[in-house]
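# Coordinate analysis (summary)
Chain by chain, the residues:
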Amino acid sequence: MSQPQKKHFTAVHRRTLLKGGSAALLFGVWNLAWGSNIVAVRIWPAADYTRVTIESARPLQTTQRMVQSPPRLAVDIQGLQLDSTLRDLVAKVRPDDPNIADIRVGQFTPDVVRLVIDLKQPIRPEVFSLKPVAAYQNRLVFDLYPVNPPDPLAQLIASVSGPAGSSPTTVASAPAAPRSSVPFTPKTVPSENRDALGDLIAQQIERANGNPEPTGPATASRPPITARSRPTAPLAPPAVASRTRRLIIVAVDAGHGGEDPGATGPGGTHEKDVTLAIAFKLRDLINRSSVNGDPMRCFLTRDGDYFVPLAQRVEKARRVHADLFMSIHADSAPGGNATGTSVYALSERGASSTTASWLAKSENDSDLIGGVNLADRGTAIQRTLLDMSTTAQIKDSLIFGRAMLGSIKTIGPLRKAQVERANFAVLRDPDVPSILVETAFINNPVEEVKLRSPSFQSEMAQAMMDGILKYFAAHPPLARSGQI
Ligand SMILES: [Zn+2]
């Protein structure tokens, strides 16, 4: 039996001894004050990090410490009595949780509950509180980040080993022409235009297959988290005749996740679930496709039911040097009668309509509802970096958005025939054409049924794929620089 459990039983025993007369009355008051405080407990396991949330009627005070061997986080929660809701946390640990092995809870002292989270690997914990927001009361959050976190590039490689190589959907595009707005650094590009990222991925796949032979120049290293450097001098266009070896990466962002369910339909369907279902289908289509002979790969900013802050979604896509970024959502509007798909691009100054402005605010609230640690300086720095969006990015995003509208209108009604614009945090990558697609209205009962249906999800994913290919046909990706 663990130490906290022992303490718990000691406390119960003492209470039993004291039962009767005024002691019973005393404990009745105690239970009223502390016993019903916990509202819910939740665990969101993911390779990126596992989150444990304790939701309570009143804010909780904690002290915690990490113990390294074996790795575990011990947390004391003050002014709390162990109840069945809190005890439920133990049963909520999933065997496949990448980070948590086990959780133990016990009444450590009469007014302190001790929680011990046994970990599967060394963890960097972030413990913070969130004030009541949306449907949530006070939340105490434990974000358990692996000390050695998964690299988005490694995740991309893992996704490559699936459907890649099967019969591709191809698009023949016009020869690559440089966009003056997106120059690139020439210093490590030899006579042939190399894709250092593609080379690295190819090498890692070879290695994973047991072949140690390198397949190309090994110049790549893990990309930095900082903003991509903006070259100062434009480069002469690459020779049109030279073959551009290129891995084309599309970042697909399933909106919401984990603590943030997004909009919810009258039948209880959560936006976060339908966006992920469509994203998985789109990923499979992208991974089977190519542009002008160059293979395409999808990078998912999340591949499970967990929350990813908006800035991190953008950051992850930058880490893999995505050529396009597409965020998938489902709309909601008062009345429940609205129908159709709409596509959005970034606007830094004002929105194209009141609806667009309202929607951007609502989508940006994802961070509030999902819950970000405001003390995390890294996130604040990322936000500053991502405020540097360019007019070129917006121009390309509008072109991408129009291509997307053109293909989506073949499968259903559009809410708006033009690309709408508003200040969506998730579209703020200064370099990558980025759009947000509101697939349908989840709070319209008819559209909610559609969104749940695998056939509609496939149809929508196929229309998105067509939109992506249409964009690339007119705007083929540039050669990458040797840097990744
Ligand atoms: Zn959304």
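Placed above this text is the structure.
Here we summarise the structure given alongside this text. Bear in mind the structure is a predicted one, so any value in this text is a computation, not a measurement.

### Thoughts on the overall build of the protein
Secondary structure summary: the protein contains 13 helices and 16 strands in total. For the protein, with 484 residues in total, the buried portion stands at 51%. On the protein, roughly 21100 Å² of surface is accessible, and the fraction owed to carbon and sulfur atoms is 57%.

### Section: the side chain of asparagine 444
For asparagine 444, the position within the fold is in the loop between β16 (434-441) and α12 (445-452). Owing to a relative accessible area of 6%, asparagine 444 belongs among the buried residues under this scheme. Within the structure, asparagine 444 has its side chain in polar contact with the backbone oxygen of asparagine 337 (distance 3.4 Å).

### Some thoughts on the sheet that holds strand β6 (residues 112-119)
The strand order across the open sheet built from four strands is β3-β4-β6-β5, with neighbouring strands paired in antiparallel fashion. Two strands close off the open sheet at either side, each with one partner strand: β3 (61-67) and β5 (100-109). If you compare each strand with its neighbour and ignore which way they point, the axes differ by 15° on average. Sheet strands touched by helix α3 (residues 84-91): β5 and β6. Its angle to β5, the strand with the most contacts, is close to 155°.

### Quick word on the nonpolar core
Membership of the largest hydrophobic core comes to 70 residues, with the highest contact counts inside it found for Leu282, Met296, Met404 and Ile468. Among the elements that line this core, the one with the most residues is helix α13 (residues 454-474), at ten residues. Excluding residues that lie within four positions of it along the chain, methionine 296 makes contacts with Ile248, Val250, Ile286, Asn287, Ser289, Ser290, Val291, Met465, Ile468, Leu469 and Phe472. Core analysis: the second largest hydrophobic core is formed by 25 residues, Val75, Val105, Val113 and Phe142 among them.

### Points about the packing of helix α6 (residues 271-287) against α13
Viewed as axis vectors pointing N to C, α6 and α13 meet at an angle of 50°, and their least axial separation amounts to 8 Å. What the angle tells us is that α6 and α13 run oblique. The hand of the α6/α13 crossing is right-handed. Residues Val274, Ala277, Ile278, Lys281, Leu282, Leu285 and Ile286 of α6 touch α13, and the partners they reach there are Pro454, Gln457, Ser458, Met460, Ala461, Gln462, Met464, Met465 and Ile468. For the contact of α6 with α13, the class distribution of residues is twelve nonpolar, three polar and one charged.

### A few points about the sheet that holds strand β8 (residues 138-146)
Across the sheet, four strands lie side by side as β1-β2-β8-β7; this open sheet has antiparallel pairing. The sheet terminates laterally at β1 (38-44) and β7 (123-130), the two strands that pair on one side only. Adjacent strand axes in the sheet meet at a mean angle of 10° when their direction is disregarded. Bridge analysis of β7 against β8 gives eight bridges, and the strand direction is antiparallel. Within β8, the position partnered with glutamate 126 by the bridge is aspartate 143. Strands β1 and β2 (50-56) of the sheet are contacted by α3, whose axis makes an angle of about 10° with β1.

### Brief notes about the coordination of the zinc ion
Summarising the metal site, the zinc ion is bound by the protein donors His256 (NE2), Glu271 (OE), His329 (ND1), Glu363 (OE) and Glu363 (OE), whose distances to it range over 2.0 to 2.4 Å. Ordering the donors of the zinc ion by residue number gives the pattern H-x14-E-x57-H-x33-E. Of this pair, histidine 256 sits in the loop between β10 (248-254) and α6 while glutamate 271 sits in helix α6, and the two are 15 residues apart along the sequence. Taking relative accessible area as the criterion, histidine 256 reaches 5% and is therefore assigned buried.

### Here we look at the pattern of salt bridges
Applying the stated rule across the entire model yields 18 salt bridges. Note that arginine 42 is salt-bridged to glutamate 259, the shortest N-O span being 2.6 Å. With a gap of 217 residues between them, arginine 42 in strand β1 and glutamate 259 in the loop between β10 and α6 connect regions that are remote in the sequence. Relative accessible area serves as the criterion here: at 15%, arginine 42 is assigned to the buried category. Salt-bridge contacts for aspartate 118 lead to arginine 104; the nearest nitrogen and oxygen are separated by 2.9 Å. One end of the pair, aspartate 118, is in strand β6; the other, arginine 104, is in strand β5, and 14 residues separate them in sequence. Residue aspartate 118 is classed as buried on the basis of its relative accessible area of 16%.

### With respect to the packing of α12 against α13
Remark: α12 packs on α13, axes separated minimally by 5 Å, with the N-to-C direction vectors making an angle of 80°. One element, α12, and the other, α13, form an angle in the roughly perpendicular class. Contacts between α12 and α13 involve Lys450, Leu451 and Arg452 from the first element and Pro454, Phe456 and Gln457 from the second.

### Some details on the side chain of glutamate 420
The topology assignment puts glutamate 420 in strand β15 (residues 420-422). The buried category is assigned to glutamate 420, whose relative accessible area is 7%. In terms of polar contacts, glutamate 420 uses its side chain to reach the side chain of serine 353, at 2.9 Å. If we ignore the near neighbours within four places in the chain, the residues touching glutamate 420 are Val343, Tyr344, Ala345, Ser352, Ser353 and Ala356.

### Description of the pairing of β6
When you tally the buried positions in β6, you get eight out of eight residues, the bulk of the element. Side-chain alternation along β6 places Val112, Arg114, Val116 and Asp118 on one buried face and Val113, Leu115, Ile117 and Leu119 on a second face that is also buried. Across seven bridges, the pairing between strand β4 (residues 72-78) and β6 is antiparallel. Note on β6: the bridge partner recorded for isoleucine 77 is valine 113. Where β5 lies against β6, eight bridges are found, and the strand directions are antiparallel. For glycine 106, the partnering residue across the bridge sits in β6 and is arginine 114.

Definitions and cut-offs
Residues numbered from 1 in each chain as written. Predicted model: local features only at pLDDT ≥ 70, side-chain atom pairs only at ≥ 80, totals over all residues. Heavy atoms only, no water. Helix = DSSP H or I, 4+ residues; strand = E, 2+ residues; numbered from the N terminus. Buried < 20%, exposed > 50% of the residue type's maximum accessible area, 1.4 Å probe, protein only. Areas by Shrake-Rupley, 256 points an atom, 1.4 Å probe, with all protein chains shown as cover. Polar contact = N/O pair within 3.5 Å; in protein donor to acceptor, adjacent residues only side chain to side chain. Pairing = 2+ DSSP bridges. Axes fitted to C-alpha atoms, helices over the stretch in contact; angles between N-to-C directions. Contact = heavy atoms within 4.5 Å. Core = buried A, V, L, I, M, F, W, Y, C linked by side-chain atoms within 4.5 Å. Parallel < 35°, antiparallel > 145°, perpendicular 65-115°, else oblique. Left-handed = near helix turned anticlockwise from the far one by under 90°. Nonpolar A, V, L, I, M, F, W, Y, C, P; charged D, E, K, R; others polar. Donors = N, O, S within 2.8 Å, 3.2 Å for Na, K, Ca; no water. Salt bridge = Lys/Arg side-chain N within 4 Å of Asp/Glu carboxyl O.

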